[in-house]
Amino acid sequence: MWLISSGKMLLDLVCSHMNLIEADYFGLEYQNHQKMMVWLDHIKPIIKQLRRNHACKLSETVSLLFLICRYLFALQVKQDLSCGRLTCNDTSAALLVSHIIQSEIGDFEESQCRSHLLNNSYIPDQMPLIDKIMEFHSKHIGQTPAESDYHLLELSLAVAHTGVLVFQGQNKINAFNWSKVRKLSFKRKRFLIKLRPDLNSSYQDTLEFLMASRNCCKVFWKICVEYHAFFRLFEEPKPKPKPVLFSRGSSFRFSGRTQKQVIDYSVSPSHSLGLVNGQKSLDLCSLSPDGRQPSPLTSPLLNDACSIRTDDEDDVRRKRFPTDRAYFIAKELLTTERTYVKDLEVITSFQSALAKDEATPDSLKTTLSSTFEPLHRFHTGFLREVEQRLALWEGRSNAHIKGDYQRIGDVMLKNLHALKPFTANLHKQSEILVELEKAWRGSRRLETLCRDFELQKVCYIPLNVFILRPLHRLIHYKQILERLCKHYPATHVDFRDCRAALADVSEVVDQLQTSVIKMENFQKLLELKKDLVGVDNLVVPGREFVRLGCLSKLSGKGLQQRMFFLFSDVILYTSRGMTSSNQFKVHGQLPLRGMTIRESEDEWGVPHAFTLVGQQQSVVVAASCLSEMERWIEDIKMAVETVKSSNGPSTDLLMSDLNDNKCPEDSAEAESEDDMSAPQTSSERPTSHRGNTMVHVCWHRNTSVSMMDYSIAVENQLSGNLLRKFKNSNGWQKLWVVFTNFSLFFYKSHQDDYPLASLPLLGYSVTIPAESENIHKDYVFKLHFKSHVYYFRSESEYTFERWMEVIRSATVPASRGRVLNSKALHVH
């Protein structure tokens, strides 16, 4: 009876027998009377697809092959790599081999890994790539063999699910995406692709390919129809009614669930499926003339694009890991430590560049190497220990070690004890900043070297901020341990170690507290000096940065946008230059000694206006909103009160030629944009393009930032994976995201050396999506600025809270009381 059943029924029986729920990703193949391997049609009865005189002896005629299972696929990749059929660049080859040996020998151990690679060959000419393979293998700690196989397949996906590909030999020469294809058809031996009209395309409307036979053409057409429906449609297409009399063409239609339906089904409470979007993949156009399908993994092209993940797929992956809050706190330690080690690598790279420069003082070279090289070695080892512990905690390590490893306090306590000798030298960070500034001013060659290094993609934040990273990292450790101690009951096995580690790191942080504040201020003054043109001596002892931002200045031409810089002794007002460097040109200074403030909204008829009344001149300014005005007035008044009781630095900041040509109040009020085209003074030096600094963001977003906001933004950092979705897109894109310095930086993965893009957060608001926005997922937050809208999705309630917290620290100005309290306690 089963011979009159459809091929689909037989496939279902095979999958049921093998307890396989991913039936839509598999097929059955048999050998026909012409000795050709042919796919079993799901719709036709089995008896019509086999030779009638052998139908009762199926075992003698049909060889049913169960294809595309994960293990066989992985073996195929290994075989194709070994014999050279799978061609790829050295980096991709090394990464593929690293996943293979992770599956075979388990977690990385240097001597074992090297010995294994010396005794086993996975790719032609393997010897030059051994170090790169070992480097990748060291990053797979905790992966099970099954996970390693899945990663292997993710890297080896054919691209047939995206459309029709055209190969010449082993080289892909063209691709036609499903979205561009309007119709697929065949006529005898001719396979036809009709494209959608595209004004920018050089292709004709219909493309024609000649195949070896009609059968070959029909087989290929059927595969295209199935794959187009499977990967593009949201639900199974409804069958068309059969005509009563006659019909033209083939009645073949795709039958079965679409990929989206498979994923929806697999994540129901009674099922679990961990497939990557696009796991079902066959190279459609590598079909041979005889109609047989060769290895689907022989394409020389690997898909390295960022994966777009479906919502349900991410739900599945999230279910596999622990849900305890302590686990996610420990995971924050892991993700931020990865970013910190990368930051230390930036400094060691800079140090290597200085070591080759003869103009760099030996004392500076010695200080840099003695400070950062030992730190980099230590934290690389610490990161490896944290990765191993999290792998054990998640239960995905193949180390098979017995014990209670769902804790992190013991690892932190041991390593913070070992870190103490290094912290004794952290006061040298200020010496490094001072010495680097002196050497930079004294050598044009060194200045160029530093400028060129800052322009590199790896230097994603100002170089001076990297130098202060070790100080900020200690504060991060303290924050993480405080959260753990707050979460654990006193009887928890991890509480005692966490409390002891917290006591150790708190002692060091308290000792360095004053130094941190001074060094952050010094670093900010050095950074602002690069943004300003016309300042002679900005960085002097006793001067502190307070606030910068946009205010509209009232002059003879009306209100003009100006950038104001408030220091502990003086206010500078500037305009943005029209030069290639995008620096801000200083127009005037207002000493704070003796200054008073008068609200002037009624006097001038300008909203949020106030007057700065100095001893020599007065300036009328207007803020963008009431809260901005209040922040400026509060900070200026506090700075004025402070300067009364102190012997601060000289307030003569402007260069002599500007001072000589400046009249008291009238010229200040009548100054125009013509000043921006004035010739450079003799003291000015060309500088790098500075169009993306915090000053420029404030200028474009018409907002302001205080030193207190800045301290929180550089000290309160976060890293980890997030799913991002644009306002008008459907899919979620998985990205590695780093928050620091008022910005989000986006990477494909934590292994990348530099970000793909960044998003400055000043001016943005962070909220939870409204019900009307149809984001029916947990742990989603929304970033919004004017017409720009981004949605981000985190993996747990804890990580959601942390991302909201750190982003608000960059988007919501802190009150002075809160910031002073946080500076004392370092609880952000």
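Cut-offs and rules
- Residues numbered from 1 in each chain as written.
- Predicted model: local features only at pLDDT ≥ 70, side-chain atom pairs only at ≥ 80, totals over all residues.
- Heavy atoms only, no water.
- Helix = DSSP H or I, 4+ residues; strand = E, 2+ residues; numbered from the N terminus.
- Contact = heavy atoms within 4.5 Å.
- Areas by Shrake-Rupley, 256 points an atom, 1.4 Å probe, with all protein chains shown as cover.
- Polar contact = N/O pair within 3.5 Å; in protein donor to acceptor, adjacent residues only side chain to side chain.
- Pairing = 2+ DSSP bridges.
- Axes fitted to C-alpha atoms, helices over the stretch in contact; angles between N-to-C directions.
- Buried < 20%, exposed > 50% of the residue type's maximum accessible area, 1.4 Å probe, protein only.
- 1 Å grid on protein atoms, 1.4 Å probe; cavity = no way out; pocket = protein on both sides within 12 Å on 5 of 7 lines; lining within 4 Å.
- Points joined across faces, edges and corners; volume = space filled by probe spheres on them.
- Parallel < 35°, antiparallel > 145°, perpendicular 65-115°, else oblique.
- Left-handed = near helix turned anticlockwise from the far one by under 90°.
- Nonpolar A, V, L, I, M, F, W, Y, C, P; charged D, E, K, R; others polar.
- Arc of directions from axis to C-beta.
- Phe/Tyr/Trp six-rings, centres within 6.5 Å; stacked < 30°, edge-to-face > 60°.

- The chain is annotated in an unreviewed UniProt entry as FERM, ARHGEF and pleckstrin domain-containing protein 1 of Neogobius melanostomus.

**Details of the overall build of the chain**
Then, number 1: A count of helices and strands for the chain gives 27 helices and 25 strands.
Then, number 2: In the chain, of all internal contacts separated by at least 6 residues, the share reaching a separation of at least 24 is 66%.
Then, number 3: Just so you have it, the chain exposes about 39500 Å², and 52% of that area is on carbon and sulfur atoms.

**Quick notes on the side chain of T740**
Then, number 1: Here T740 lies in strand 20 (residues 732–740).
Then, number 2: Only 3.1 Å separates the side chain of T740 from the side chain of R469, close enough to count as a polar contact.
Then, number 3: The residues contacting T740, other than those within four sequence positions of it, are Y460, I461, R469, A713, Q717 and F745.

**Some remarks on the sheet that holds strand 7 (residues 190–195)**
Then, number 1: On the basis of which strands lie adjacent, the open sheet formed by three strands has the order 6-7-8 and antiparallel pairing. Taken across any chain shown, the strands that pair with only one partner, and hence form the sheet edges, are strand 6 (181–187) and strand 8 (206–210). Between one strand axis and the next, the sheet turns through 15° on average, direction left out of account.
Then, number 2: Note: strand 6 against strand 7, six bridges, orientation antiparallel. Of the residues in strand 7, the one forming a bridge with K183 is K194.

**Description of helix 25 (residues 707–715)**
Then, number 1: A large share of helix 25 lies buried, amounting to nine of its nine residues.
Then, number 2: Within helix 25, burial applies to M707, M708, D709, Y710, S711, I712, A713, V714 and E715.

**Re empty space enclosed by the protein**
Then, number 1: The full count for this structure, using the stated rule, is 10 cavities of 30 Å³ or more.
Then, number 2: Forming the boundary of the second largest cavity are 14 residues, of which T336, T339, Y340, H476 and Q717 lie nearest the centre.
Then, number 3: Broken down by secondary-structure element, the contributors of at least two residues to the lining of the second largest cavity are helix 12 (325–355), helix 18 (469–487), strand 19 (718–726) and strand 20.
Then, number 4: Considering every element that reaches the lining of the second largest cavity, the biggest residue donor is helix 12, with four residues.

**Here we look at the packing of helix 15 (residues 428–442) against helix 19 (residues 495–531)**
Then, number 1: Two elements in contact, helix 15 and helix 19, have axes separated by 10 Å at closest approach and are oriented at 20°. As judged from the angle between their axes, helix 15 and helix 19 are roughly parallel. Where helix 15 crosses over helix 19, the handedness of that crossing is left-handed. Contacts from Q429, S430, L433, V434, E437 and R441 of helix 15 reach helix 19 at M519, F522, Q523, L526 and K529.
Then, number 2: Among the residues forming the contact of helix 15 with helix 19, the class breakdown is five nonpolar, three polar and three charged.

**Looking at unusual backbone geometry**
Then, number 1: Here N741, not a glycine, exhibits a phi torsion of approximately 55°, which is positive.
Then, number 2: With respect to the element layout, N741 can be found in the loop between strand 20 and strand 21 (743–747).
Then, number 3: A positive phi angle is found at N774, which is not glycine, with a value near 60°.
Then, number 4: Structurally, N774 is set in the loop between strand 23 (765–767) and strand 24 (780–785).

**Looking at helix 16 (residues 444–454)**
Residues that lie three or four places apart on an α-helix share one face, since the helix turns once every 3.6 residues.
Then, number 1: Here helix 16 has its buried residues at L446, E447, C450, F453 and E454. Down the axis of helix 16, the smallest arc covering the buried residues is 130°, so these residues share one side.

**Some points on the packing of aromatic side chains**
Then, number 1: Within this structure, the stated rule accounts for 19 aromatic pairs.
Then, number 2: When the centroid spacing of 4.9 Å and the interplanar angle of 75° are considered together, the rings of F191 and F220 count as edge-to-face. You can see F191 sitting in strand 7 and its partner F220 sitting in helix 9 (residues 214–232), a full 29 residues away along the chain. As far as the burial class goes, F191 and F220 line up, both buried.
Then, number 3: Arranged with centres 5.5 Å apart and planes meeting at 85°, the rings of Y460 and F466 form a pair that is edge-to-face.
Then, number 4: Judged by relative accessible area, Y460 falls into the buried class, the value being 14%.
Then, number 5: Members of the aromatic cluster, connected to one another through ring pairs, are F378, F382, F422 and Y477.

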